[in-house]
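Residue-level listing of the chains:
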Amino acid sequence: MFTKNGIPLYLQLKEKLLEDIKLNYKPHDIIPAESKLEKTYKVSRITVRKAIEELEKDDIVIKKQGKGTY
């Protein structure tokens, strides 16, 4: 799914997640859990976490401990 083009995998995943969020989710919708994203995109949990951290820094998503990512 992701290419080895010199761009870190987590940044490639971040862009894919951003695209999916824009197309499939409304504000305040919950996105799939890290474990589901890990299986869907066939990447490690660390890669998923780093991509979500980047989206959180950009104010695209909000993580709520024990509740999920919105």
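Described in the following lines is the structure provided in the data block. Think of each chain on its own: its residues are numbered from 1, step by step along the sequence as written. In view of the model being predicted, local features appear only for residues whose pLDDT reaches at least 70, and side-chain atom pairs are presented and counted only at 80 or more, with totals across whole chains, interfaces and linings using the full set of residues. To obtain the side-chain values, all non-hydrogen atoms of the structure were included, while hydrogens and water were left out.

1. Looking at the overall build of the protein
- Scanning the protein from terminus to terminus reveals three helices and two strands.
- A radius of gyration in this sense is built from C-alpha atoms; the matching globule rule multiplies 2.2 Å by the number of residues raised to 0.38. For the protein, the C-alpha radius of gyration of 12 Å lies close to 11 Å, the compact-globule estimate for 70 residues.
- Principal-axis analysis of the C-alpha atoms places the extent of the protein at approximately 35 × 20 × 20 Å.
- Working rule for contacts: check all heavy atoms of both residues, and any pair within 4.5 Å makes them a contact. Taking contacts inside the protein between residues at least 6 apart in sequence as the whole, the part at least 24 apart equals 52%. Numbering of helices and strands starts at the N terminus; helices are DSSP runs of H or I of at least 4 residues and strands are runs of E of at least 2.

2. Things to note about the nonpolar core
- Here, nonpolar core refers to any group of buried Ala, Val, Leu, Ile, Met, Phe, Trp, Tyr and Cys residues whose side-chain atoms link them within 4.5 Å. Burial classes: relative accessible area under 20% of the type maximum marks a residue as buried, over 50% as exposed, and values in between as partly exposed (1.4 Å probe, protein chains only). Counting residues in hydrophobic clusters, the biggest one holds 13 residues, and the most contacted among them are Leu13 and Leu17.
- Elements that contribute at least two residues to this core include exactly helix H1 (9–24), helix H2 (34–41) and helix H3 (45–57).
- For Leu13, the contacting residues outside a window of four places in its chain are Phe2, Tyr41, Val43, Thr47, Val48 and Ala51.

3. Thoughts on the pattern of salt bridges
- In what follows, salt bridge is the name for a side-chain nitrogen of Lys or Arg lying within 4 Å of a carboxyl oxygen of Asp or Glu. Overall, the coordinates contain seven salt bridges when judged by the stated rule.
- The partner of Glu34 in a salt bridge is Arg49, with the nearest N and O atoms 2.8 Å apart. Remark: Arg49 occurs in helix H3 and Glu34 occurs in helix H2; sequence separation between them is 15 residues.
- Residue class for Arg49 comes out partly exposed when judged on its relative accessible area of 40%.
- Salt bridges linked by common partners bring Lys16, Glu19 and Asp20 together as one network.

4. Re the packing of H2 against H3
- Running from N to C, H2 and H3 cross one another at 110°; their axes reach a closest spacing of 9 Å. Considering the angle they form, H2 stands roughly perpendicular to H3. With respect to the hand of their crossing, H2 and H3 are arranged in right-handed fashion. Side by side, H2 and H3 meet where Glu34, Ser35, Leu37 and Glu38 of the first sit next to Arg45, Val48, Arg49 and Ile52 of the second. Lines are fitted to the C-alpha atoms to define the axes, a helix being fitted only along its stretch in contact, and any angle between axes, read from their N-to-C directions, falls within 0 to 180 degrees. Should an angle lie under 35 degrees it is considered roughly parallel, over 145 roughly antiparallel, and from 65 to 115 roughly perpendicular; all remaining angles are considered oblique. Note on convention: near helix rotated counterclockwise from far helix by under a right angle means a left-handed crossing. Clockwise means right-handed.

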